[in-house]
Amino acid sequence: MSDDRIVRARIHPAVGIARVGDSDEYFLGPEVVGQPSEPPGSYKDGAGRLRRQAARFRVYGYDARGAVVKELTLDDASITSTRAASSTSPCISASSAPMRSGG
């Protein structure tokens, strides 16, 4: 089904920070603002390892004014996903460090 009002698409939630762990188990993170982020049971698996947080991504089509027209699915478009490796080490720079005031 074509909707010619759509001029661009965006992925939500935006790809960015992930919760990683050393467990092979995972849990789905919240999909709605204000929804609790605690996984069922615990953040840790039965062996005490930290479970990974997975995110369900959705693709939305936007019109020329930036308003959401609708969620895009495989019925609307060919959607593929790739991922690139990046540093898993936390980074902090002087420009992103919290400011300290006075003495």
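What to know about the sheet that holds strand E5 (residues 68–72)
1) Next: The antiparallel open sheet is built from three strands, whose spatial order is E1-E4-E5. At either margin of the open sheet sits one strand with a lone partner, and together these are strand E1 (8–12) and E5. If you compare each strand with its neighbour and ignore which way they point, the axes differ by 30° on average.
2) Next: Bridge count for E1 against strand E4 (residues 58–62) is five bridges, and the pairing is antiparallel. Within E4, the position partnered with alanine 9 by the bridge is glycine 61.

Thoughts on the environment of arginine 10
1) Next: Its place among the elements puts arginine 10 in strand E1.
2) Next: Residue arginine 10 is classed as partly exposed on the basis of its relative accessible area, which comes to 43%.
3) Next: Sequence-wise, arginine 10 and tyrosine 60 are 50 residues apart; in three dimensions their C-alpha atoms are separated by 5.5 Å.
4) Next: Every residue in contact with arginine 10, bar those within four places of it in the chain, is listed here: Arg58, Val59, Tyr60 and Tyr62.

The rules behind these values
Residues numbered from 1 in each chain as written. Predicted model: local features only at pLDDT ≥ 70, side-chain atom pairs only at ≥ 80, totals over all residues. Heavy atoms only, no water. Pairing = 2+ DSSP bridges. Helix = DSSP H or I, 4+ residues; strand = E, 2+ residues; numbered from the N terminus. Axes fitted to C-alpha atoms, helices over the stretch in contact; angles between N-to-C directions. Buried < 20%, exposed > 50% of the residue type's maximum accessible area, 1.4 Å probe, protein only. Contact = heavy atoms within 4.5 Å.

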